[in-house]
Structures are given as C-alpha cells and as structure tokens.
Amino acid sequence: MQYIWLIPLLPGLGALVNGLVGIRAFSRRTSGAVACATMIAALGVSLLAFWELLGLPADARAYDVTLASWIPAIPLQTQSGMGSLQVPWGFRLDPLSGLMILVVTGIGTLIHIYSTAYMAAEPRGGVARFFCYLNLFCFFMLVLVLGNNYLVMFVGWEGVGLCSYLLIGYWYQKKSASDAGKKAFITNRIGDWGFILGIFLVFYTFGTLDFRAVQNAAGAMRVESAGIGVLSIICLLLFVGAVGKSAQIPLYVWLPDAMEGPTPVSALIHAATMVTAGVYMVGRNAVLFSHAPTVMLIVAVVGVLTALFAASIGLVQYDIKRVLAYSTVSQLGYMFTAMGVGAFSAGAFHLMTHAFFKALLFLGSGSVIHAMGGEQDMRRMGGLKKYLPVTYATMVIGTLAIAGIPPLSGFFSKDEILFRSFEANKAIWALAVVTAMMTAFYMFRLLSMTFFGAYRGPAWEGAHRVGAHLAADPHDHGHAAAAHGAQDSQAGHGHGHGAWHGPHESPNAMTYPLMALAVGAIVAGFVGIPTALYGGNTIEHFLEPSFTAEEVRLKPDTTTETTTGTTTETATATGTLAATETTTGAAAVTEAESVRSVRLQPDQAPETPEAEESHALLELGLMGFSVLIAAIGIGVAWKLYVTSPEIADQLAERFAGAHRVLSNKYYVDELYDATVISGTMAGGRGLWAVDRNVIDGAVNGTGWVTIISSWFSGLTDRTVVDGLVNLVGRVVEAGSVVFRRLQTGLVQNYALVMLFGIFAFVSIYLFMRAGTL
Amino acid sequence: MITPTHYMLLSAALFIIGVIGVMVRRNIIIIFMSIELILNAVNINLVAFSREWQHAVGQVFAIFVVAVAAAEAAVGLGIILAFYRNKETVNIDEMNLMKW
C-alpha cells in the first residue's frame, strides 16, 4: 500500500494540467476528459488500496506512508519540557480513511462525469477552470482524509475551503455568487481559528501531531467525566473547527448561500464530501472526544439542534437547491448527534449513505434545473414526471432513502443513530425523531412540487402560442430565469442552440451518474444492517479500530501473556480509572476489560443474552416507530402538495407569523448582520479612525517636525555659512577699491613708476656705497 | 684727448634725452625712436670702455644690442601696425586696455 499517496496526487495532476494548459488550450471535451480520467484512476487506486486493506487482519488495518519530510524538527515548548515539532508528509490508510477515499473518489468520479454534460454550455476556458478547481478540490479532500497528522489534515482542510470558495464563486461576475463565496470563506475561517488553536494545544499537550501517537497518549489519560480538563478544551476547539466546516449552529449560514455555485459543486462539495470533513475530523479524534464527555454532550446537543433547526427552515423554502442545502445541514446535524452520543461508526456510516443519496438528490435537482432552463423555484415547476422519467425515478429513490424507508440506505444509518441516541439521551432522541418527520415531509414536498401536479412553469414554443412571447426565453434573457425573480445560479445553462424547447430529459452523461448513485443509495446501507435484523453491522466492526486507541484494542491479547508486574504497570500507566472499579491485584484481563468498557460507551459493555434480546426488541420497536414517523411525514406532504394543495396555502395563512419566520430562516442572517457583522464593521471603522488620527497623525507630525527643523537649518545655512563666504568676498572687493587705481593701463605711467623705482634703488645703492646710509 | 669721461657724458646725455622722450611723447613711433636712443647710449658706453681697456667683449655686446634692437624694432613696428589698423591711431594714451 506504499502507493496510497497516488490517490490524492492523481486529481492534483489533473488540476495542474487543466489549470496550466487547459484554460488556454483545451476544448471542453478535452478538459472534461482529463479531469474524469484522473478521477477514475484515483478511484481505481483507491479500490485497490481498500481491497488490500480488507485483506489484512482487523487489528492490523492501518498503514502509514511517509512521503517526505516537511517540518524536520523545530524545538518548541510543550507541557513536559522542550519538545520537537516534527511533521512529515505522511498518509495513513485505515478503515475510516479507507471509507472516506472511496466516498470521495467514487462520488467524485460520478460528479465529474455528470459535470461534463452539465457544464457543456459554459465558455471553453470556464469549463477548464471548473474542472481544474473540481480536481483540485478532490486533491485537497483526499489529502485531508489521508493525512496521518493534524498538520497535513489542516493543509487539506484549508485547501478544500479554498476550492469551495473558488467554486461557489465560479460565476464570479454575479455579485450574489461572489458574496456567497466570501461568506463561506469567512465563516469557515472562524471555525479554522478553533481548529488551529486545537492543534496548538494538541502539540503542547502531547508533543506530537501524529494521529496514532496522540490517540494512544490520549487513550492512556483519565476520562474527564467531571469538570473541564485539557482534553475537553482540545475537543471543544476542534469541534469549533468542525462546526465551521460542517455548517452547524451557529456557523451554518454559509451553506445555503453556497448554492450559488454550479449544482455539481453543491453535490460534491456542499453535500457529499467537504461538509462532512468536520464529522470525519471528530471521528478521527474519537479517542479524545470519548475522554471528554462534557464536550460530547455539547456535540450531540449542537448536532440535534442544528438538525431540527435546519429541517424546520427547509419546510417552507421554494428554491429546490435551498431545500436540499438545509436538508444537508440537517443531516450533518444527525451525524454530529451520532458522534456526540458516542456512536462514531454510526455517524461515519450515515456520512457514507448521506453522500450517496444527497449527491443523487443534488444531481437530480441539477437535472431538473437543466431541464427547466435555469429555473430553480419549485413553484414554477410541477408535473415534470412525464418529461424527466429517469430523473424522477432516481429522485424518488434518493427521497425514500433520506426519509428512512427500508430497505434503502438512509434507513439503516439513520436508525442506527436514532437507536444509539435513544440509549444515550431520550431528549436528543425525541428531537431527532421530530427532525426525521420533517425530513420526510420536506423531501416529499420537494418531490411533489417538482414532479407531481400540473405544470406551472413557463410555456415554450410549440406548446402554447398564447403567452409564448411572455415565457422568458432563457437564452435571450441572460440565460436565466431572472425575469421570474428566481435565483439564476444556473446562468448560461442550456444547449447552446436557439430557444428553450421545454422540459426535457438530460443527456446520458447526466442520467448515468444518477442511476449509479441511485444504486448506491439503495445498496450502501446493506453494509450496516444491525444485529437486530440479523445483519452483521459489518461497517461498525470494520470502523471500530479507527475510533479506539491502539493499546486498548490490543490489551486483551497481550495482557494474557504478560506477567502481573507489567500488567500493573500498564494499568497505572493507562490511568487510575481502572483502580476505581477493580481492587489491586485483580486479574489482568478483567482490568483491561474494565479499561475498555469505560473507554467505550457504557452500552457496549458485555451483556447477558437476555439483555441483548431486549435490546434487539427495543431496536426493532424504534425502527418501526421511525418508519411510521417517516410515513406520517410523507403522508402529510402528499396530502398538502398533491391531493389538496389549497390546504398548504391555508395553513401558511393561518400560521402566517411562523411561516414568515421560517421563510426568513429565523432571521439569523439579519441577526448576524446586526450583531457580529455590524459590530465588526464598527470596530473596523473605530480602528480606522485610530489609524487616521493617531498613526497618520504621528507620521504627519514627524513630517511637520522635519519640515520645521529643516527650515531652521536652511535659515542657518543661508545666513551664517553663506554670510561668512560672502563676507570674505566683500572684504576682498572693498580692499581692491584702493589698489585697482594703480592700474591705469597707460604705458607711460608704468614706465614712470619703473623709472622712479630704478632711481630709488640706484640712489639707495649709491648712498650705501658712500657710507652715508 | 677724448677720455672715457667724454664718452660717458655723451652717453648720459643721449640716455637722458631718450628717457625724457619715452616719458613725455605720445606718439609711439617717437617713443620707439627714443628707446633706440637709450640703447645707443648704452652702446656708446660699451664701445668706449672696450677701447679703453683693449678688450673686444664690449664690442661684441654692442653688436648684440644692435641685433636685438633690430629684432625689437621689427616686432614693435608690427605691433604698432596692427594697433593702428585697429584703432586708427598711434597715440599711446589710447592704449589703456590693460586696467581694471
């Protein structure tokens, strides 16, 4: 499995080729082919790696590859003296990351293929840019899930955030799209702040950033059942990161707006993969989280509240993609609920099944939008069943899967979560069940409004002559349904030839991925059939090693062979909790078992056959109940939107207040605008004022001081220095007034002076000679 | 008998006449001629003493003086000619450019 680094590298290569060459030179078909080829290759490598992983014994299913050194060794202070920050470019394949790479490459490949048809009407360079970003996203996502330490994961984490920003803002000429991109990026930044602080604290506490080492070290620490310890703080900070990335309360606001991106992007990034990175990250740190029960409760509560909150908003939205966006937020809430109640594998299982059916639903909605020439408002759809048979059939499968109807995939994963939350906390379970009903309701509302009833969309040429000129031709009107006031994120959409000819089934490149995903949405659940239904719950056993520390897993085998001396040593090393349950000198196996049972959730402690049977009965009962709940949701939606649509309007009128609150998404965006955003803006303006007055004032003051001092300096120069020089000149000039009179220029004057001179000298000579002088 | 005293008196008289001529006359030609007088006053002295002491050096000197006076006259007349062409005069008072 030395080759697992190829998995992220292949899409990275595709991004490089498409980005450097493709945007300039490739045709639409070539750039699509390059992107798809790299993804298919990555999928092939992933399948191979996964197959090899399955071939290993369950306890040995972890493989680390160090590709290159990154940070060699930086001495840094840690809790236990000076440590050394060493980070390699290391990848780790274990059950959890194995599952994730299959999801990312599998669904990624399908969505790439789908995109070749969906983006066919885009300008040539735009298509290459799109595929470059999409491949780059897959690269970073695979780095994220394969990284074997926090820092490599963080690289992937930031990279997918960047690609998300780029792809949401793909139609960057549109203000709403670029705003949505910024919103997503900035909101994620808040989460990343928590994540990076968590990483700092991990290093400070453990002196390493390697997942396995941290896991094992944390596994040996005390469970912080009372109060908040360092593990709780780490988990809380990491969870802040997960909240940002996975769109949980209070940072979920970016995800619905992210629907401004092209629909395949929404399917891949904002439903199937990137937004689940937070769930993955919590799962990756399962050992830490299970040592911090307080934080686990917070995770569960945040998760279930988000699930309920987002589902309730989804009830009344009319934009088909927004319904799905809120549904995604809601399902992510489910996953966090699962993580929070300690059902890590159930959360990861739901992550996988959700990836299938939500990608299916998004791609189906993309197909519908494609068919409607860019229309996203469900009020302008209806009756599309006969125009889009394949899309309809696959959407029904996806909807049934998300609603939790057996035996589709969503049923198994959702019921596992519901069952585990019932065991952990009845209140959380109750909220989750209400959410399940809402989910079934809004999904069938979506299905009904789109595919059933009468066609409510614009007329097209050849259908009805009257009003045909009113029916917006999507190409002549900026390719969009802007005339209807709908969100025209699908701008530029169509066939590149003439007018819109009415709803029509999408090309094969779009329907085949839909069918493949539909198959996935049906069968993906079969790997997790619970024991109550005589399944093996294969996936839970498969994933379990990723969620536990190594020593704990290995203990039952090793302790039987070790002497009592070393056993007591390990017992003290793994913490004092064992001592609370067993007296000193107890059998090694019992001790190890008790450590294990405390570490895992209480309900996983060994049970008697009777207890198991009652458990199975309870599970079956809960299953039946949740199916009933889903059926009620479906029935109500059917009644309200298919058989007697007028009731829905009446209800909306009757509960106008509630309807308005829900339609406006609980005014959360407005609340954020009024508090955080305007607060930040006011702070910014305040700082600007400080900048302008104090900082600029200081700079300007310095300037003024210089100007004034230089003026004085100049004055001195002019008066004192120049004055001295001039004075010398003046003195010389004044002196010359007398002497220049001598120079008459008359030859005879000079001759006369010479004569007198000679006369004088001769006279002196003669007198001296005569001795009279 | 003509003694050196006679020669010296003659030469002194010529010299004084020459000096006065240089000092008081305005015409450059006249001044030139007065300078010739001065030179010849010297020549008379040289020749007189050469004869008195029976020594040829004085005569050689006198011939040198004559030769130099000839050269000087040539150069001087050239200057005067050039000056005249410039100023249309040979008045020494007009030659006063070399002053402040």
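What you see is a predicted model, and the numbers here were worked out from it, not measured in a lab.

Criteria and thresholds
Residues numbered from 1 in each chain as written. Chains lettered and ligands numbered in written order. Predicted model: local features only at pLDDT ≥ 70, side-chain atom pairs only at ≥ 80, totals over all residues. Heavy atoms only, no water. Helix = DSSP H or I, 4+ residues; strand = E, 2+ residues; numbered from the N terminus. Rg over C-alpha atoms; globule rule 2.2 N^0.38 Å. Buried < 20%, exposed > 50% of the residue type's maximum accessible area, 1.4 Å probe, protein only. Lys, Arg positive; Asp, Glu negative; His and termini not counted. Charge placed at Lys NZ, Arg CZ, Asp CG, Glu CD. Contact = heavy atoms within 4.5 Å. Areas by Shrake-Rupley, 256 points an atom, 1.4 Å probe, with all protein chains shown as cover. Salt bridge = Lys/Arg side-chain N within 4 Å of Asp/Glu carboxyl O. Buried area = accessible area lost by both parts, 1.4 Å probe. Polar contact = N/O pair within 3.5 Å; in protein donor to acceptor, adjacent residues only side chain to side chain. Nonpolar A, V, L, I, M, F, W, Y, C, P; charged D, E, K, R; others polar. Axes fitted to C-alpha atoms, helices over the stretch in contact; angles between N-to-C directions. Parallel < 35°, antiparallel > 145°, perpendicular 65-115°, else oblique. Expected span 1.5 Å × (residues − 1). Pairing = 2+ DSSP bridges. Core = buried A, V, L, I, M, F, W, Y, C linked by side-chain atoms within 4.5 Å. pLDDT = per-residue confidence, 0-100. Phe/Tyr/Trp six-rings, centres within 6.5 Å; stacked < 30°, edge-to-face > 60°. Left-handed = near helix turned anticlockwise from the far one by under 90°. 1 Å grid on protein atoms, 1.4 Å probe; cavity = no way out; pocket = protein on both sides within 12 Å on 5 of 7 lines; lining within 4 Å. Points joined across faces, edges and corners; volume = space filled by probe spheres on them.

**Student:** Tell me about the overall build of chain B, and please be specific about residues and values.
**Tutor:** When its secondary structure is counted, chain B shows three helices and zero strands. Going from the N terminus to the C terminus, chain B shows its helices and strands as α-α-α. Compactness check: chain B gives a C-alpha radius of gyration of 17 Å against a globular reference of 13 Å for 100 residues, more than 25% above the reference. Each principal axis of the C-alpha distribution contributes one length, and for chain B these read about 50 × 25 × 25 Å. Per-residue burial over chain B gives 26% buried out of 100 residues. If you average the places of the 6 positive and of the 6 negative side-chain charges in chain B, the two averages end up 4 Å apart.

**Student:** Lay out the overall build of chain A with the relevant residues and their values.
**Tutor:** Broken down by element type, chain A carries 29 helices and two strands. A total of 773 residues make up chain A; the buried ones form 52% of that total. In chain A, the proportion of contacts linking residues at least 24 apart, taken out of those at least 6 apart, comes to 80%. On chain A, roughly 32600 Å² of surface is accessible, and the fraction owed to carbon and sulfur atoms is 69%.

**Student:** Outline the pattern of salt bridges, supporting the account with residue identities and numerical values.
**Tutor:** Residues and elements named next belong to chain A. Evaluated as defined, the whole model comprises 17 salt bridges over all chains. Two residues, E158 and R189, come together in a salt bridge whose shortest N-O distance is 2.3 Å. In this pair, E158 is assigned in helix α5 (residues 150-168) and R189 in helix α6 (residues 175-206), connecting sequence segments 31 residues apart. A relative accessible area of 22% places E158 in the partly exposed class. Across the pair D377 and R379 runs a salt bridge, and its minimum N-O distance is 3.1 Å. On the accessibility criterion, D377 (14% relative accessible area) is buried. Under the relative-accessibility criterion, R379 is labelled partly exposed at 43%. Overlapping salt bridges bring together D64, R92, D94, R212 and R284 as one network.

**Student:** Would you mind going over the interface of chain A and chain B in detail, with residue names and values included?
**Tutor:** Taken residue by residue, the interface counts 11 residues in chain A and 14 residues in chain B. Broken down residue by residue, the surface that chain A buries against chain B is led by R740, L746 and Q748 of chain A, which jointly contribute 50%. Linking chain A with chain B are zero salt bridges, by the criterion used here. Connecting chain A to chain B are three residue pairs in polar contact (both at pLDDT 80 or more). Taken together, the residues that form the side of chain A that touches chain B break down as six nonpolar, four polar and one charged.

**Student:** Quick one: what's the story with the packing of helix α4 (residues 124-146) of chain A against helix α10 (residues 263-272) of chain A, residue by residue and with numbers?
**Tutor:** Residue and element names in this part refer to chain A. Between α4 and α10, the least distance of the axes is 11 Å, while the angle of their chain directions is 5°. It follows from the interaxial angle that α4 and α10 lie roughly parallel. In contact with F130, L134, F137 and C138 of α4, α10 contributes P264, V265, L268 and I269. A class-by-class count of the residues in the contact of α4 with α10 yields eight nonpolar, no polar and no charged.

**Student:** Summarise helix α29 (residues 747-770) of chain A; cite the residues concerned and give the values.
**Tutor:** Relative to the 34 Å expected for 24 residues at 1.5 Å per residue, α29 of chain A spans 34 Å between its end C-alpha atoms, a close match to the ideal helical length. For α29 of chain A, every residue scored as buried is listed here: Q748, A751 and S763 of chain A. Here the buried face of α29 of chain A lies against α1 (4-24) and α2 (28-52) of chain B. Positive backbone phi, at 75°, marks G771 of chain A, one or two positions downstream of α29 of chain A.

**Student:** Give a detailed account of the pairing of strand β2 (residues 81-93) of chain A, specifying residues and quantitative values.
**Tutor:** Residues and elements named next belong to chain A. Bridge count for strand β1 (residues 63-78) against β2 is 12 bridges, and the pairing is antiparallel. Within β2, the position partnered with I74 by the bridge is L85. Between β1 and the antiparallel strand that follows it, β2, lie two residues.

**Student:** Lay out unusual backbone geometry in plain terms, naming residues and giving numbers.
**Tutor:** In this chain, I249 of chain A is followed by P250 of chain A through a cis amide linkage whose omega measures 5°. Topologically, P250 of chain A is positioned in the loop between α8 (230-245) and α9 (254-257). That bond from P406 of chain A to P407 of chain A is cis: its omega, 0°, falls within 30 degrees of zero. By the element assignment, P407 of chain A lies in the loop between α16 (389-403) and α17 (409-424). Despite not being glycine, A247 of chain A has its phi angle at roughly 55°, a positive value. Tracing the chain through its elements places A247 of chain A in the loop between α8 and α9. Residue classification places A247 of chain A among the buried positions, given a relative accessible area of 0%. At Q54 of chain B, a residue that is not glycine, the phi angle is positive and equals roughly 50°. The exposure class assigned to Q54 of chain B is exposed, which follows from its relative accessible area of 68%.

**Student:** Please set out the nonpolar core residue by residue, giving values where relevant.
**Tutor:** Residues and elements named next belong to chain A. Grouped together as the largest cluster of nonpolar side chains are 184 residues, with contacts concentrated most on Y150 and F289. Setting aside anything within four residues of it in sequence, one finds F289 in contact with C235, L238, F239, V282, V295, M296, V299 and F344. In terms of nonpolar packing, the next biggest core, distinct from the first, is built from 18 residues, V304, A338, F419 and A436 among them.

**Student:** An account of the confidence of the model for chain B is requested, with residue identities and associated values reported.
**Tutor:** Summarising the model, chain B shows a mean pLDDT of 90, and 98% of its residues fall at 70 or more. Interface confidence in the predicted complex, given as ipTM, is 0.84; pTM for the same model is 0.73.

**Student:** Describe the environment of F203 of chain A, with residues and values.
**Tutor:** As for its position among the elements, F203 of chain A is in helix α6. Linking F203 of chain A and Q77 of chain A, residues 126 residues apart in sequence, is a C-alpha distance of 9.2 Å.

**Student:** Which residues make up the environment of G98 of chain A, and what are the values?
**Tutor:** Residue and element names in this part refer to chain A. The topology assignment puts G98 in helix α3 (residues 95-118). Judged by its relative accessible area of 0%, G98 falls in the buried class. Sequence spacing of G98 and A49 is 49 residues, and the spatial spacing of their C-alpha atoms is 8.0 Å. Contact partners of G98, with chain neighbours within four places excluded, come to F50 and L93.

**Student:** If you had to explain the packing of aromatic side chains to someone new, which residues and values would you point to?
**Tutor:** All names here are of chain A. The tally for this structure, following the rule as stated, stands at 26 aromatic pairs over all chains. With a centroid separation of 5.5 Å and an interplanar angle of 75°, the aromatic rings of F130 and Y170 are classed as edge-to-face. Here F130 is found in helix α4, whereas its partner Y170 is found in the loop between α5 and α6, with 40 residues between them in sequence. Per residue, the accessibility class of F130 equals that of Y170, and both read buried.

**Student:** Mind laying out the confidence of the model for chain A, listing which residues take part and the relevant values?
**Tutor:** Residues and elements named next belong to chain A. Averaged over chain A, the pLDDT score is 85; the fraction of residues at 70 or greater is 87%. Note that pLDDT drops below 50 for residues 464-497; the model gives that stretch 67 contacts with residues more than four away or on any other chain. Counting interchain partners and residues more than four positions distant, the pLDDT-below-50 stretch residues 555-605 has 53 contacts.

**Student:** Which residues make up the packing of α5 of chain A against α10 of chain A, and what values go with them?
**Tutor:** All names here are of chain A. The geometry of α5 relative to α10 is characterised by a closest axis approach of 11 Å and an angle of 155° between their N-to-C directions. Between α5 and α10, the angle is such that the two are roughly antiparallel. Seen along the crossing, α5 lies across α10 with a hand that is left-handed. Contacts from S164, L167 and I168 in α5 reach V265, I269 and H270 in α10. Residues that form the contact of α5 with α10 fall into these classes: four nonpolar, two polar and no charged.

**Student:** Could you give an account of the layout of surface pockets, naming the residues involved and the relevant values?
**Tutor:** Considering only enclosed or pocket space, the second largest pocket measures out at about 850 Å³ in volume. Around the second largest pocket, the lining is made up of 25 residues, and of these A751 of chain A together with V22, M23, I35 and I38 of chain B lie nearest the centre. When residues of the lining of the second largest pocket are traced back to their parent elements, those giving at least two are α29 of chain A together with α1, α2 and α3 (57-87) of chain B. With eight residues, the top contributor of residues to the lining of the second largest pocket is α29 of chain A.

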